[in-house]
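Structural overview for review
Each chain, letter by letter, is given below.
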Amino acid sequence: MADCIFCKIVDGSIPSKKVYEDDKILAFYDLEPQAPVHVLVVPKQHICCANEINESNAEIVAYIFTKIPEITKKLGLDNGYRIVNNCGEDGCQSVKHLHFHILGGKKLNGAMC
Ligand code: DGP
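If you're wondering where the values come from, they're calculated on a predicted model, not measured in any experiment. Per chain, the residues get numbers from 1 upward, laid out in the order the sequence is written. Given that this is a predicted model, residues contribute local features only at a pLDDT of at least 70 and side-chain atom pairs are listed and counted only at 80 or more, while totals for whole chains, interfaces and linings are drawn from all residues. As a rule here, side-chain values come from all non-hydrogen atoms in the structure, and water together with hydrogens is ignored.

**Concerning the overall build of the chain**
Working definition: helices are DSSP H or I runs of at least four residues, strands are E runs of at least two. Numbering for both runs from the N terminus. The helix and strand inventory of the chain stands at 2 helices and 5 strands. Across the chain, helices and strands are ordered from the amino to the carboxyl terminus as α-β-β-β-α-β-β. The atom set for the radius of gyration is the C-alpha atoms, and the globule formula is 2.2 Å times the number of residues raised to the power 0.38. For a compact globule of 113 residues, the expected C-alpha radius of gyration is about 13 Å, and the chain comes in at 14 Å, within 12% of that figure. Its C-alpha atoms give the chain principal-axis dimensions of roughly 35 × 30 × 25 Å. Three labels apply to residues, based on accessible area from a 1.4 Å probe with only protein chains included: buried if under 20% of the type maximum, exposed if over 50%, partly exposed otherwise in between. Counting only residues that meet the buried cut, the chain has 39% of its 113 residues in that class. Only heavy atoms enter the contact rule, under which two residues are in contact if any of them lie within 4.5 Å. Taking contacts inside the chain between residues at least 6 apart in sequence as the whole, the part at least 24 apart equals 56%. Summed over all atoms, the accessible surface of the chain reaches about 7000 Å², with 52% contributed by carbon and sulfur. Each charge class in the chain was averaged separately, 12 positive and 14 negative side chains, and the resulting centres sit 9 Å apart. Each accessible area is a Shrake-Rupley estimate made with a 1.4 Å probe; only the visible protein chains count as cover when residues are assessed. We score Asp and Glu as negative and Lys and Arg as positive, and we do not count His or the chain ends. Each charge is placed at NZ for Lys, CZ for Arg, CG for Asp and CD for Glu.

Below is the structure:
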């Protein structure tokens, strides 16, 4: 998607601090961290949001979740972490490319919203 920030991060035209990359996904540090460790994991293919996950693209979501233990181990999040996905207007999704926030590095607030 030409005007998608995360597609540009994936293709390298916007720089990012990468944590993990393979042919299907990229993990990189969030520009506006909300925890001592705040990383985003995105599929390289453009999927707008959680609402656009379907039978033909769900495999990439499962793949991301199989890689999260490896990514969080690399980040030193041995004591736990939180995975957040914001979807749509009410979910306050600001970048319309599916992404999972990994937050950790301290005992997080228990509030969900
Ligand atoms: P969300 O609100 O769930 O759509 O989160 C989008 C996140 O993306 C937000 O925490 C800030 C981050 N972000 C936005 N633009 C950039 C960027 O150009 N680089 C990086 N590393 N993160 C960005």
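So much for the structure itself; the text now carries on.
**A look at the nonpolar core**
One recurring pattern in soluble globular proteins is that nonpolar side chains are buried together. Within the largest apolar cluster, 19 residues are counted, with the highest numbers of intra-cluster contacts made by Ile25, Ala27, Val41, Ile71 and Leu75. Mapped by element, the contributors of at least two residues to this core are β1 (18-21), β2 (25-29), β3 (37-43), α2 (58-74) and β5 (100-104). Setting aside chain neighbours within four positions, we find Ala27 in contact with Lys17, Lys18, Val19, Tyr20, Val39, Leu40, Val41 and Ile71. Residues belong to one nonpolar core when they are buried, are Ala, Val, Leu, Ile, Met, Phe, Trp, Tyr or Cys, and are joined through side-chain atoms within 4.5 Å. Membership of the second largest hydrophobic core comes to 10 residues, among which are Cys4, Cys7, Leu26 and Val42.

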